[in-house]
Amino acid sequence: MEKRELRVGFYPTTSCYGCQLNVLNIEDKLIDIFTEVKIVCFHMATSASKIEESVDVAFIEGAVVTEDDEELVKKVREKAKYVVAMGTCACHGGVQSANIGAGFSLDEAIKTVYGENFQFDMKVMPPRPLDKVIDVDFYLPGCPIEKEEFLYFLATFIWSTWPEQKDFPVCQECRQKGNPCVVIEEGKPCLGPFTTAGCGARCPSLGLPCMGCRGPIKEIQRVDAMAKMMEKNGVDPLEALKRMKVFGGHSDEIIEKFKSLVRGE
Amino acid sequence: MPNNNPLQPKKAVIKKVFKVTPTEKMFVISFVDPKDQEEFERNYTRPARFVQVNLPGIGEVPISLCSPPTQKGFFALTIRRVGRVTTVIHNLNEGDYVWIRGPYGNGFPIDEWKGRDLLFLSAGLGMAPLRSVFLYALDNRWDYGNITLINSARTKRDLLYYEELEAIARTYKGDGVKVIQTVTREEVEGVCKGRCHLYIPQANVDPKNSVVIMCGPPRMYQSIFDEVIARGFDPDYIYATFERRMRCGIGKCGHCNVGSSDSMLYVCKDGPVFSYRQVQRYPELME
Amino acid sequence: MRYLKLRYEDRDRLFEALRKYGEIYGPVKISKKTYDFRKVSRFDDMDLNYVRTISPPKKFVYPPHEVMFEIDREKGKVSIPEEDMGPIVLFGLHHCDIEGLKRLDSVFMGYPADFYYSRRRKHLFIVGYDCKPDEFCACNVTHTSFSTDGFDIFLHPLPDGWLVRVLSERGQALADEIGMEDASTDDFKAFERYQEERRQGFKWDMDAYVLRGVLEMHRHSDVWEELSEECLACGNCNTTCPTCRCYEVRDIPSIDGVHAIQERVWDSCQFEHHALVAGGHNFRPTVADRMKNRYNCKISPAYGTNLSYCVGCGRCTAFCPAGINFWENLQKLSEVSKHAK
């Protein structure tokens, strides 16, 4: 199998840029990354970045919030063979989407943050995950992304294949580590059963309940069962839904359940 | 390096690649080490067993053998481009290496069928494992009675081995071998129209002394079971192959389990070929 | 088998003598409510009154991640990694966990024997320890409440020490080294009293052999929808089960384009992908299907060995975050079939 230079680009939309920073934080492998692949665009790393050039793999960080974001991701989609949604903002809409479908009003949000009569020089929209705007090939969740998982994704492309994504919950990794279960132990409102694995159960390993920062598992979301589990541990169902919404704002299952609870069904 | 690890794949080389349909390619492969080839041939006695094709660093997939045990020095796999690993395999060329372990699975109990007529029913990719059985039967022509093979697919260009089967039909004309090829989604010259079971009445086999061998999507099995039994075929001689997720091929990884209250089976080890009587005993096979 | 006695004050001598059979792992309290097998340096580090550990002993012979092959694409090599485990003494395994290991043995060491499991398994020295059941224990239901093999020595508490059943040849040598005395008639009586108390302690009155049929009769029942309503599909029942052994194989390439590993990782039948095949067909598409499969897989016997995989340890119930009770559900199913016409 002939090795061919892989062309890779990193593109930011609206987010904290923490995922891109985490790529740059892979210090011991950074030279290898830049040697093995051709970085076509990565504004945080090189001023020689070119948005217009075609790439094999485009890593897009952030949620789509502005008109510029939308234009950028559509342009990238056209030039990229594979698009990877990088980070929970791109995969699920991120924390800024927490109130989507639960009484979110863009005007009110702007007023709250910037005050009355604030003038933007850009057009703002309610935040959306990447796949509500363009076709996404692969999801690399995390807030921020895990370095190991990023390297795995990149390596599969170098090996002219693509990554297998995790479709199982944090609990799997938590038990494999031999941790006690924070739900059974202390009745904590842990989102582990609901959240995509990959972090090595970082929070539960420290005795903290999972916040769900890697977003809900795409394939199957047991919203009712999660709410019931938390209710047994004294968390009000609406409160439980709000917790799930922090990183799963755009999940249809959660929004539906939320609306039915608010309507008092 | 020799070791006693049953999961150790052996290096093999792609000798030839044929494009069979727009989505399927046939790979003719042989092991690099003649000892591995010998061992493979020793273990491949019943047709339609399968191998695990391993691309180191990329992944592993189970693929049915489409060449019969009577062919020596190589084996053949027909692979549909459907997932991550098969996409990479499709990009391989003659001279490229793949790693193989196997053969696994039980294969068809073809020695128990001596003296009987054979009726093959295939839909889609099901023709790949059946090819190995069909060719085996032709290579041992004196052991079996009349043979009919009904090959079906959606369109003519999806029919696996269309040309090869037509050629065989011409060669064996007058020797009790009949090939019927049919498509379900189009009307086109040279092939029949409709599902394979429509052509069972045209088979040149004696129902009471026949073996029915089928491979296709499981949802076609029940209607064919019903149909052939109603037509007087012997229920003790009906066989089908079943698909499940498989990772190891030797009954360890647990994915292909199928159970009933008397026992849990592994399709990879106890199958993938099951008789109609086994299907009655393990109804989960049909689910 | 020899039936000997270890006096309470001789426990440290046993512990010291065990050291030559490997690093000693025993039950340790790791949090308010949870126990696990951890490395211990003294007999009294162990909490032998534990009921169950959160992770079963399978992790010692069948770790969550096992690198099967190291790959070098440039050299065209697919090689097995060096062995990374030395001898281990597992101290304090209850009957259910010993039976669990026996079931794993039947799978992984049945023909053809699994290379990785076998090379770890030969390192184990097993010290059994008797126990009293809690409300989740049901080894009486699964016919695994008393192990007669699968260990080297087995300790049964007595008022002043332990009755020791010495099984293996290594166990015999160990017993001789410590110089254990023969057990007396009084010791046997105390042993029988303990067994009687154990029997009284079991909560669930069912028979797994009968349940096999009960489950099959409910193959197409709606009851699975109802039972799985609260299921989170999180796989905790699998990771904590001493006999769950499904694994997924993953290739992890590295960015140098040359080196990679192929590893196997624990899988769970509760996950979406477990019965998914290429092309997108899922043989068990719903949570109810997957729950039904797990119950069947645990209660029905394996082909050829007639061993059921459930050993009644109660972990799947005790460690289910949703609080789903395996035994209660099985009882419900039995009742449904009682009333079914």
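Quantities reported herein were computed from a predicted structural model and do not represent experimental measurements.

### Focus: the sheet that holds strand S5 (residues 75-80) of chain B
Residue and element names in this part refer to chain B.
Inference 1: In spatial order, the strands read S4-S3-S6-S1-S2-S5; together these six strands make up an open sheet with antiparallel pairing. The sheet terminates laterally at strand S4 (59-64) and S5, the two strands that pair on one side only. Averaged over all pairs of adjacent strands, the angle between strand axes in this sheet comes to 40°, irrespective of strand direction.
Inference 2: Here six bridges tie strand S3 (residues 50-55) to S4, and the two strands are oriented antiparallel to one another. Across the sheet, the residue bridging to valine 51 is isoleucine 63, located in S4.
Inference 3: Together, strand S1 (10-19), strand S2 (24-31), S5 and strand S6 (97-104) form the strand contacts of helix H1 (residues 34-43), whose direction differs from that of S2 by roughly 115°.

### Brief notes about the confidence of the model for chain B
Inference 1: Across chain B, the average pLDDT comes to 93, with 99% of residues at or above 70.
Inference 2: The ipTM value of the predicted complex is 0.91, and its pTM value is 0.93.

### Quick word on the interface of chain A and chain C
Inference 1: Contacts between chain A and chain C engage 35 residues on the former and 35 residues on the latter.
Inference 2: Contributions of two or more residues to the side of chain A that touches chain C are made by helix H2 (27-36), helix H6 (147-158), helix H7 (170-176), helix H8 (182-186) and helix H10 (223-232) of chain A.
Inference 3: A breakdown of the residues in the side of chain A that touches chain C according to their chemical character gives 19 nonpolar, four polar and twelve charged.

### Some details on the sheet that holds strand S12 (residues 259-266) of chain C
All names here are of chain C.
Inference 1: Read from one edge to the other, the open sheet built from four strands follows the order S5-S4-S12-S11, with strand pairing classed as antiparallel. The open sheet has two edge strands, strand S5 (77-79) and strand S11 (247-253), and neither has a second partner. The average undirected angle you get between the axes of adjacent strands in this sheet is 20°.
Inference 2: As paired strands, strand S4 (residues 65-72) and S5 are joined by three bridges and run antiparallel to one another. In the strand pairing of S5, glutamate 70 is matched with serine 79.

### Some words on the environment of B:Thr148
Residue and element names in this part refer to chain B.
Inference 1: The residue threonine 148 is located in strand S8 (residues 147-153) in this model.
Inference 2: In sequence terms threonine 148 and glycine 190 are 42 residues apart; their C-alpha atoms lie 18 Å from each other.
Inference 3: Setting aside residues up to four positions removed in sequence, threonine 148 forms contacts with Leu119, Phe120, Lys178, Ile180, Ala203, Asn204 and Val205.

### Side note on the interface of chain C and chain B
Inference 1: Facing 38 residues of chain C, the contacting portion of chain B comprises 35 residues.
Inference 2: Elements represented by at least two residues in the side of chain C that touches chain B include exactly S4, S5, helix H3 (95-108), helix H7 (208-217), S11, S12 and helix H10 (287-299) of chain C.
Inference 3: With five residues, the top contributor of residues to the side of chain C that touches chain B is S11(C).

### Quick notes on the pairing of S3(B)
Residue and element names in this part refer to chain B.
Inference 1: Where burial is concerned, most of S3 is hidden: six out of the six residues are buried.
Inference 2: Of the two faces of S3, the one holding Phe50, Gln52 and Asn54 and the one holding Val51, Val53 and Leu55 are both buried throughout.
Inference 3: The hairpin turn running from S3 into S4, its antiparallel successor, is three residues long, and glycine 57 in that turn takes a positive phi close to 90°.
Inference 4: Summarising the sheet, S3 and S6 pair through four bridges and their orientation is antiparallel. Considered in S6, the bridge of asparagine 54 is made with tryptophan 99.

### Observations regarding the packing of H7(C) against H10(C)
All names here are of chain C.
Inference 1: Running from N to C, H7 and H10 point in directions that differ by 145°, and their axes come no closer than 9 Å. Classified by chirality, the crossing of H10 by H7 is left-handed. On H10, the residues touching Ala208, Leu211, Arg212 and Leu215 of H7 are Tyr295, Asn296 and Ile299.
Inference 2: When grouped by side-chain class, the residues that make up the contact of H7 with H10 number five nonpolar, one polar and one charged.

### Things to note about the pairing of strand S7 (residues 124-129) of chain C
Residue and element names in this part refer to chain C.
Inference 1: Judged by how many residues are buried, S7 sits mostly within the fold: six of six residues are covered.
Inference 2: Burial along S7 is two-sided: the face carrying Leu124, Ile126 and Gly128 and the face carrying Phe125, Val127 and Tyr129 are both buried.
Inference 3: Of the strand pairs in this sheet, strand S6 (residues 88-93) and S7 are connected by five bridges, and their pairing is parallel. Along S7, the bridge assignment pairs valine 89 with phenylalanine 125.
Inference 4: Sheet topology places S7 next to strand S8 (residues 153-158); three bridges connect them, and they run parallel. By the bridge assignment for S8, glycine 128 is matched with phenylalanine 154.

Cut-off values and rules
- Residues numbered from 1 in each chain as written.
- Chains lettered and ligands numbered in written order.
- Predicted model: local features only at pLDDT ≥ 70, side-chain atom pairs only at ≥ 80, totals over all residues.
- Pairing = 2+ DSSP bridges.
- Helix = DSSP H or I, 4+ residues; strand = E, 2+ residues; numbered from the N terminus.
- Axes fitted to C-alpha atoms, helices over the stretch in contact; angles between N-to-C directions.
- Contact = placed C-beta atoms within 7 Å.
- pLDDT = per-residue confidence, 0-100.
- Nonpolar A, V, L, I, M, F, W, Y, C, P; charged D, E, K, R; others polar.
- Buried ≥ 20, exposed ≤ 12 C-beta atoms within 10 Å, placed from the backbone.
- Left-handed = near helix turned anticlockwise from the far one by under 90°.

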